[in-house]
Amino acid sequence: MADVAEKAGVSRALVSIIFRNQAGASRETRERVLRVADEIGYRPDSAARLLARGRSRTLGVMFTVHQTFHTDLITGIYPEAERLGYDVLLSGATHGRSEAKAVEALLSHRCEAVILLGPDAEPAYLDALGQRTVAVSVSRRVPQARVDFVHSAEAKGVRQAMDHLVELGHRRIVHIDGGRGPGSAERRRAYRAAMRRHGLEGEARVIPGHHTEESGIETGRLLLAEHDSGRPLPTAVLAGNDRCAMGLLMSLTRSGVEVPRDLSVVGYDDSHLSHLMPIGLTTVRQDAALMAEHAVRFAVERLENGELEPREAVLDPKLVVRGTSGPVPAP
């Protein structure tokens, strides 16, 4: 490669210089340099040029590893960022890597704004982060923090799911809680409110859990153990999210419980895995693409207009009925 450059009388350094100062080079020289650059595989460093102007035009995205809905959000973030002229840098949080560490990695790479997918951080941390940089929280609302918020109307989604189950004749409807997961508190309150509204307050039961398959599996084992000791199974379960619902389905079907003949299951998110199972999951759909668009747009608009205050977008969810919900089992 170097021989090619030497024969053309142009060094890699000179190629770089002329790329940065094209206006000062003749047309013949520019064409010669472009030809040689192609031969030696040179590519201009656009990131360096942007940094020289004080901009990186990069949005950082903090996500939780293994959260399938975050994958759907990221899929929507890329095209919207590209449309607006920004690159995207990802940083994952996992059991051995905190959200704060993931965020600091993004900032150390000069991301101009950060988009946080389902953050679990304390309100004080989010507020402090919002004072340092432009930040957008997706799926979690923290009113006292100086960040933009994009989330679905959780109560509306739960209400749709509960109305669907009650219309099918279900009364013993259990909710698997999502713990500290995004939207969990709102979904829990909405479940209790729906049970009261339908006159089923005495049947209400919230089982502690998390937004994981393991939580669904554990709940399935609990319900089956209770059934073995004489307590009837619920006729329907509203899971905290799709991952939890899938774990519950695995646990039940392995033990011979047929869904939805013996028990109906409803998830929340409508992640891409929810309709890839042998039996499609009835779930509440959050529009990941639209949420991603709002998050990117909020971040970019605040970057390009420093006078804008943080905003909030609340999007309507929609119940998607598939194969895991059906009429209440016959006595």
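Everything numeric here is computed off the predicted structure, so don't read it as measured data.

1. Looking at helix α6 (residues 99–108)
For α6, every residue scored as buried is listed here: Glu99, Ala102, Val103, Ala105, Leu106 and Leu107. Buried residues belonging to α6 abut β1 (58–64), β2 (87–93), β3 (113–117) and α7 (123–132). Arg110 lies just past α6 and shows a positive phi near 65°.

2. Re the packing of aromatic side chains
Taken as a whole and judged by the stated rule, the model has 0 aromatic pairs. The aromatic ring of Tyr86 is capped on one face by Arg57, whose charged end is 4.2 Å from the ring centroid.

3. Description of unusual backbone geometry
A cis geometry characterises the amide bond from Val259 onward to Pro260, with omega recorded as 10°. Structurally, the position occupied by Pro260 is in the loop between α11 (242–254) and β9 (264–269). In the Ramachandran plot, Arg110 falls in the positive-phi region, its phi being about 65° despite a non-glycine side chain. When you line up the elements, Arg110 lands in the loop between α6 and β3. Residue class for Arg110 comes out exposed when judged on its relative accessible area of 54%. Of note in this structure, Asp270 is not a glycine but carries a positive phi near 60°.

4. Details of the pattern of salt bridges
All chains considered together, the criterion is met by 23 salt bridges. Between Glu80 and Arg83 there is a salt bridge, and its shortest N-O distance comes to 2.8 Å. Linking Glu80 with Arg83, this pair stays in helix α5 (residues 68–83), spanning 3 residues, or about one helical turn. Taking relative accessible area as the criterion, Glu80 reaches 8% and is therefore assigned buried. On the basis of relative accessible area, Arg83 is assigned to the exposed category, the value being 57%. Arg146 is paired through a salt bridge with Glu309; the nearest N and O atoms lie 2.9 Å apart. Of this pair, Arg146 sits in the loop between β4 (134–138) and β5 (148–152) while Glu309 is found in the loop between α12 (288–304) and β11 (312–315), placing the two residues 163 residues apart along the sequence. Judged by its relative accessible area of 26%, Arg146 is partly exposed. If you follow the salt bridges from partner to partner, you end up with Asp270, Arg285, Asp287 and Arg322 in one network.

5. Observations concerning the nonpolar core
The tendency in soluble globular proteins is for nonpolar side chains to be buried side by side. Counting residues in hydrophobic clusters, the biggest one holds 27 residues, and the most contacted among them are Leu59, Ile77, Ile115, Leu117, Val136, Val138 and Val150. Contributing elements (two or more residues each) for this core: β1, α5, β3, β4, α12 and β11. A total of 8 residues in this core trace back to one element, the largest contributor, which is α12. Counting residues in each nonpolar core, the second largest holds 18 residues, with Val174, Val237, Leu252 and Leu281 among its members.

6. Regarding the packing of helix α10 (residues 213–228) against α11
Taken N-terminus to C-terminus, the directions of α10 and α11 make an angle of 40°; their axes are 6 Å apart at the nearest point. As judged from the angle between their axes, α10 and α11 are oblique. The two elements α10 and α11 cross, and the hand of that crossing is right-handed. Contact residues: α10 offers Glu213, Ser215, Gly216, Ile217, Thr219, Gly220, Arg221 and Leu224, while α11 offers Arg243, Cys244, Gly247, Leu248, Met250, Ser251 and Leu252. Residue classes in the contact of α10 with α11 are distributed as 6 nonpolar, 6 polar and 3 charged.

Thresholds, definitions, all that
Residues numbered from 1 in each chain as written. Predicted model: local features only at pLDDT ≥ 70, side-chain atom pairs only at ≥ 80, totals over all residues. Heavy atoms only, no water. Buried < 20%, exposed > 50% of the residue type's maximum accessible area, 1.4 Å probe, protein only. Helix = DSSP H or I, 4+ residues; strand = E, 2+ residues; numbered from the N terminus. Contact = heavy atoms within 4.5 Å. Phe/Tyr/Trp six-rings, centres within 6.5 Å; stacked < 30°, edge-to-face > 60°. Lys NZ or Arg CZ within 6 Å of the ring centre and 35° of its normal. Salt bridge = Lys/Arg side-chain N within 4 Å of Asp/Glu carboxyl O. Core = buried A, V, L, I, M, F, W, Y, C linked by side-chain atoms within 4.5 Å. Axes fitted to C-alpha atoms, helices over the stretch in contact; angles between N-to-C directions. Parallel < 35°, antiparallel > 145°, perpendicular 65-115°, else oblique. Left-handed = near helix turned anticlockwise from the far one by under 90°. Nonpolar A, V, L, I, M, F, W, Y, C, P; charged D, E, K, R; others polar.

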